[in-house]
Amino acid sequence: MARTAATGYLPLLLATLVVVAPLGWMVLSSLKAPGEIITTSLSVLPHSPTLDNYAQAATTVPFARFFLNSVVVTVIGSTIKCVLAVLTAYALVFVNFPFKKAIFLAILVALMVPPQVSVLPNYIFIAGLDGLNTYWGIILPGLGTAFGTFLLRQHFLTLPASILEAAEVDGAGHFRRLWQVAVPISGPSIATVALVTIVGEWNDYIWPLIVTDRPEMMTLPVGLTLLANSDSTSQAWGVLMAGAVIVIIPILVVFAALQRFIVAGLTQGSVTG
């Protein structure tokens, strides 16, 4: 039991504390008065919990508009990304065309290249098309997802070829085989790609910050920066914490709804025979 606790439960507990402690401190601080945050006598729990920080955050910057922008960008961007990932992965596995291996190698290279490398070329491209402060200017450069394509390709490789061959014998074309055969039995993998994509789109900060300078087009992470710039005094920490909570709550709800698919999606096809 001691060995199990030392090698299993203790590392799990430490990892959980590292992840949960900052989030818990953020939520508790959002309920504190300014004098309880900046103080020499540390107090974990708020003495008199209050929602004033949330009210002040909502009135200082247009959080409703930021939320709408994030929803539009996340829904449209994630949907297109997932559809493109499914189509690309299917083509790489079941469609014969020239340079297929080279294209897959290019996708692997894209998976290893930091996204910051493409910021300047994308900005020049979007600015040249007059896409600054527009939804499509925020969404367009990130429509490709190398991770989603790679994960779905590896999953499609494990599908029984006999099922797709039977559909082909029945006269089903590629699109019918994809949407009526491959996709229905690939739910966990597709849900995993969708969850990772949604989280990435919602939390994306650098690119929306670069291409938007008008508050009416900012997303929630960028709007949080606007909130921080509106008051740089120590009295604003509670308001900033409240704004951060507002930003992460929607994505936590999505994660809670889809998290059961993560393990199944990542391990599909890992056991054969």
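All values reported here derive from a predicted model rather than from experimental measurement.

### Overview of helix α5 (residues 100–112)
So, point 1. Over its 13 residues, α5 extends 19 Å from the first C-alpha to the last, a length consistent with the 18 Å expected when each residue adds 1.5 Å.
So, point 2. Buried-residue contacts for α5 involve α4 (63–94) and α8 (146–156).

### Section: the pattern of salt bridges
So, point 1. The final tally for this structure, using the stated rule, is three salt bridges.
So, point 2. We note a salt bridge from lysine 81 to glutamate 201, for which the minimum N-O separation is 3.0 Å. Taken together, the positions of lysine 81 in helix α4 and glutamate 201 in helix α11 (residues 187–203) put the pair 120 residues apart, joining distant regions of the chain.
So, point 3. In this structure, arginine 214 engages glutamate 216 in a salt bridge whose closest nitrogen and oxygen atoms are separated by 2.8 Å.
So, point 4. Residue classification places glutamate 216 among the partly exposed positions, given a relative accessible area of 36%.

### Quick look at the confidence of the model for the chain
So, point 1. Per-chain confidence: the chain averages 85 in pLDDT, with 93% of residues scoring 70 or above.
So, point 2. Mean pLDDT across the elements of the chain ranges from a minimum in helix α15 (residues 260–267), with 60, to a maximum in helix α7 (residues 135–139), with 95.
So, point 3. Contacts from residues 269–273, a stretch scored under 50 in pLDDT, to residues over four places away or in other chains number one contact.

### Some details on the packing of aromatic side chains
So, point 1. Summed over the entire model, instances satisfying the criterion amount to six aromatic pairs.
So, point 2. Taken together, a centroid distance of 6.0 Å and an interplanar angle of 75 degrees make the contact between phenylalanine 63 and phenylalanine 66 edge-to-face. Within this pair, phenylalanine 63 and its partner phenylalanine 66 are both found in helix α4, separated by three residues, close to a single helical turn. As far as burial versus exposure is concerned, phenylalanine 63 and phenylalanine 66 are alike and both buried.
So, point 3. Note on phenylalanine 67 and tryptophan 202: the rings are 5.9 Å apart at their centroids and 75 degrees apart in plane angle, and the pair reads as edge-to-face. Residue phenylalanine 67 is found in helix α4, and its partner tryptophan 202 is found in helix α11; the two are separated by 135 residues along the sequence.
So, point 4. Of the aromatic side chains, those joined through ring pairs into one cluster are Tyr90, Phe94 and Phe156.
So, point 5. Arginine 153 extends its terminal NZ or CZ atom over the ring of phenylalanine 104, reaching a point 3.7 Å from the ring centre.

### So, the packing of α4 against helix α13 (residues 220–230)
So, point 1. Where α4 contacts α13, the two axes come as close as 8 Å, and the packing angle between them is 155 degrees. On the basis of their axis angle, the class for α4 and α13 is roughly antiparallel. Counting all contacts with α4, which are made through Phe63, Phe66, Phe67 and Ser70, the residues of α13 involved are Leu220, Pro221, Gly223, Leu226 and Leu227.
So, point 2. Its residues placed into classes, the contact of α4 with α13 shows seven nonpolar, two polar and no charged.

### Some words on α11
So, point 1. Along its 17 residues, α11 runs 24 Å from first to last C-alpha, staying within 8% of the 24 Å computed at 1.5 Å per residue.
So, point 2. Buried residues dominate α11, accounting for twelve of its 17 residues.
So, point 3. Taken together, the buried positions of α11 are occupied by Pro188, Ser189, Ile190, Ala191, Thr192, Val193, Ala194, Leu195, Thr197, Ile198, Glu201 and Trp202.

### Here's the deal with a nonpolar patch on the surface
So, point 1. A cluster of nonpolar side chains, namely Leu120, Tyr123, Ile124, Ile206, Leu209 and Ile210, defines an oily patch on the protein surface of about 520 Å² accessible area.
So, point 2. Contributions of two or more residues to the nonpolar patch are made by α6 (119–128) and α12 (206–211).
So, point 3. Here isoleucine 210 shows up in helix α12.
So, point 4. Judged by its relative accessible area of 34%, isoleucine 210 falls in the partly exposed class.

### Things to note about the packing of α8 against α11
So, point 1. Closest axis-to-axis distance for the α8/α11 pair is 10 Å, and the angle between their directions is 170 degrees. Compared by their axis directions, α8 and α11 come out roughly antiparallel. On α11, the residues that touch Phe147, Gly148, Leu151, Leu152 and His155 of α8 are Ser189, Ile190, Thr192, Val193 and Val196.
So, point 2. Looking at the contact of α8 with α11 residue by residue, the class counts come to six nonpolar, four polar and no charged.

Rules behind the numbers
Residues numbered from 1 in each chain as written. Predicted model: local features only at pLDDT ≥ 70, side-chain atom pairs only at ≥ 80, totals over all residues. Heavy atoms only, no water. Helix = DSSP H or I, 4+ residues; strand = E, 2+ residues; numbered from the N terminus. Expected span 1.5 Å × (residues − 1). Contact = heavy atoms within 4.5 Å. Salt bridge = Lys/Arg side-chain N within 4 Å of Asp/Glu carboxyl O. Buried < 20%, exposed > 50% of the residue type's maximum accessible area, 1.4 Å probe, protein only. pLDDT = per-residue confidence, 0-100. Phe/Tyr/Trp six-rings, centres within 6.5 Å; stacked < 30°, edge-to-face > 60°. Lys NZ or Arg CZ within 6 Å of the ring centre and 35° of its normal. Axes fitted to C-alpha atoms, helices over the stretch in contact; angles between N-to-C directions. Parallel < 35°, antiparallel > 145°, perpendicular 65-115°, else oblique. Nonpolar A, V, L, I, M, F, W, Y, C, P; charged D, E, K, R; others polar. Patch = residues over 30% accessible without salt bridge, like charges linked within 9 Å, V, L, I, M, F, W, Y side chains within 5 Å. Areas by Shrake-Rupley, 256 points an atom, 1.4 Å probe, with all protein chains shown as cover.

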